[in-house]
Amino acid sequence: MAELEASGVPTAVICTTPFERAARLQWEALGFVEGSVVKVGHPLGSMPPDQVLEEAERAVDAIVSRLTAGP
Amino acid sequence: MASLDGLHVVDLYRNVAGPPAATLLGKIGAEVVEVERPPLGDDARFADKPGARWPPGGAARADRGAGGRVARRGGERLSVPTLADDLWEVNRHFQRLGWSDGLPIVPPTRERVARLLAGSGRQATDVLGRMPPMWGELSLERIAANAVMAGCRPEDMPVVLAAVEALLDDRFNLHGVQCTTHVTGPLLVVNGPVRGRLGLNGANNCFGQGSPANATIGRAVRLVMVNIGGARPGDIDRATFGHPGKYTYCIAENEEDSPWPPFHVEAGFDPGESTVTAFAAEAPHNVNNHTYDPYRLLDAIAGTIATPGANNFYVMGDYTVVLGVDHARILDQAGWKRRHVQRYLFERARLPVPALRSGGMYPDQVERNLWPRWIERGDPDATVPPVREPEDLKIFVAGGAGPHSLVIPGWGTRAVTRSIVATGGAA
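Heads up: these notes are all about the structure in this document. (Residues numbered from 1 in each chain as written. Chains lettered and ligands numbered in written order. Predicted model: local features only at pLDDT ≥ 70, side-chain atom pairs only at ≥ 80, totals over all residues. Heavy atoms only, no water.)

1. What about the interface of chain A and chain B?
So, point 1. Taken together, the contacts link 8 residues of chain A with 11 residues of chain B.
So, point 2. Here chain A meets chain B over a buried area of about 860 Å², counting both sides, of which 59% is carbon and sulfur.
So, point 3. Joining chain A to chain B, the criterion identifies 1 salt bridge.
So, point 4. A salt bridge links Asp235 of chain B to Arg21 of chain A; its shortest N-O distance comes to 2.5 Å.
So, point 5. Counting across the chain A and chain B interface gives 3 residue pairs in polar contact (both at pLDDT 80 or more).
So, point 6. A breakdown of the residues in the side of chain A that touches chain B according to their chemical character gives 6 nonpolar, 1 polar and 1 charged. (Contact = heavy atoms within 4.5 Å. Buried area = accessible area lost by both parts, 1.4 Å probe. Salt bridge = Lys/Arg side-chain N within 4 Å of Asp/Glu carboxyl O. Polar contact = N/O pair within 3.5 Å; in protein donor to acceptor, adjacent residues only side chain to side chain. Nonpolar A, V, L, I, M, F, W, Y, C, P; charged D, E, K, R; others polar.)

Right, dumping it as structure tokens:
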């Protein structure tokens, strides 16, 4: 992802809420200051499929907007 | 002529706002004297950039900057070291900054770091690479500072360096090991002549307390992972529980009491060579078995391995078995070699696919598991081994007398063995 961002291709990190800080810190350690982390509900691993779909619906606009953002 | 020429400024401010303001005044001509708290100076010394917060080498920086008073002239910092070697104050400071495993550290003074560097036989500015997940630079000086903090001696340095190099091998997947919720940490197993020279324990209570080299080498590697790699618990190290081996997890193989060639020799290294093997490991689990029959003994070990909570049954990777010396002797007397043990456990330490379908990690989605192609997911009689190939079961012999062996599940990645480079007769 860092390689893509560095070459001007926008990316989005998707993680569940408790991992947002870890994702942001690791992203910053690679030299990226702009937050590109999209949070979804936790815990995704044991969530029933219909709730996973709801989380996806909630997050999709933020993801699209990051991936279509200009350089 | 700068606008504040001739003006004297005394800066008594702490942390965020003070240092930049005083630096600015210095840049436009003032003579600034900043007074900092002993023994390590202002907090801003360790927080001036994101990577410096969990000392990418912070320990060494703290040593250099150990001053009760720092003056700036014309925007430059001049350090006036007046280190008060107050163990409690130093530890309080390090712990507050997260440069700690929770236990007291040995303050990494310039002199101590230099002595450990001498033990490494390498230059302070040599770099082994960068360590994930925060990508701190692994300079020899920074690694030595962490080894001092752990209590290492100069002669321990070659083992610490070889272990760090093993962790950096892609097969180990250090980034994942550092960040996972899983209960894993690097188990280090040392082979070869260096064990005797350093007093590394592979016999009684080798996983327990009481062996300085085991305790400090494993601890040094952990401190490097936290302080240079940046895996601070709760922030980046997202372990749900962690385990006690995350303080230190280092043993020797008991080559002297093993009936078989040492692990590293069977892996292709020279008997006169010393090696360290790093394995992403859960805590050990005991197998207490009093039989003299090799089949029954290995069935007990196989049954202990075959548990649905272990990662191996879903993502494979390597798995470690530590045979006690008494158990190894029973096997040897019946003619068994290491490879026979691997083969038997590969066949017997299995879980049926239906059992994993009802009580596995992804119960009704076994197709998510990273099993080899030859396991037929829909066959009710199919069974799943913990590893893809028999040789992925890593067998060591260790411990003292007693009817015990240990099984140590992995995280799903590979064990990596590195040669310990001899310096000054240390390896």
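Having seen the structure, we can now continue with the description.
2. Considering the environment of Arg171 of chain B
Residues and elements named next belong to chain B.
So, point 1. Considering the arrangement of structural elements, one finds Arg171 in the loop between helix H6 (157–168) and helix H7 (174–179).
So, point 2. Residues Arg171 and Ala415, 244 residues apart in the sequence, show an inter-C-alpha distance of 7.4 Å.
So, point 3. Separated by 2.8 Å, the side chains of Arg171 and Asp169 make a polar contact. (Helix = DSSP H or I, 4+ residues; strand = E, 2+ residues; numbered from the N terminus.)

3. Quick notes on the packing of aromatic side chains
So, point 1. This structure, assessed with the given rule, holds 8 aromatic pairs over all chains.
So, point 2. Between Trp27 of chain A and Phe32 of chain A the ring centres are 4.5 Å apart and the planes differ by 15°, which places this aromatic pair in the stacked class. An identical accessibility class is assigned to Trp27 of chain A and Phe32 of chain A; each is buried.
So, point 3. Judged by centre distance (6.4 Å) and plane angle (65°), the ring pair of Phe346 of chain B and Trp374 of chain B falls under edge-to-face. Placement of Phe346 of chain B in helix H14 (residues 338–348) and of Trp374 of chain B in the loop between helix H15 (353–359) and strand S13 (383–384) is noted, with a sequence separation of 28 residues between them.
So, point 4. Residue class for Trp374 of chain B comes out partly exposed when judged on its relative accessible area of 48%. (Phe/Tyr/Trp six-rings, centres within 6.5 Å; stacked < 30°, edge-to-face > 60°. Buried < 20%, exposed > 50% of the residue type's maximum accessible area, 1.4 Å probe, protein only.)

4. Quick notes on the nonpolar core
Residues and elements named next belong to chain B.
So, point 1. Membership of the largest hydrophobic core comes to 53 residues, with the highest contact counts inside it found for Ile143 and Ile217.
So, point 2. Per-element tally for this core: the top contributor is H6, with 9 residues.
So, point 3. Those residues within four positions of Ile217 in sequence are excluded, and the remaining contacts are Cys152, Asp156, Val159, Val160, Leu198, Leu200 and Cys250.
So, point 4. In this structure, Leu297, Val325, Phe346 and Ala382 belong to the second largest nonpolar core, which totals 38 residues. (Core = buried A, V, L, I, M, F, W, Y, C linked by side-chain atoms within 4.5 Å.)

5. Describing the side chain of Thr277 of chain B
All names here are of chain B.
So, point 1. Tracing the backbone through its elements, the reader meets Thr277 in strand S9 (residues 275–281).
So, point 2. Residue Thr277 is classed as buried on the basis of its relative accessible area of 2%.
So, point 3. A distance of 2.8 Å separates polar atoms of two side chains, one belonging to Thr277 and the other to Thr417.
So, point 4. Discounting residues that sit within four places of it in the chain, Thr277 has contacts with Leu187, Leu188, Val189, Phe263, Phe396, Ala415, Val416 and Thr417.

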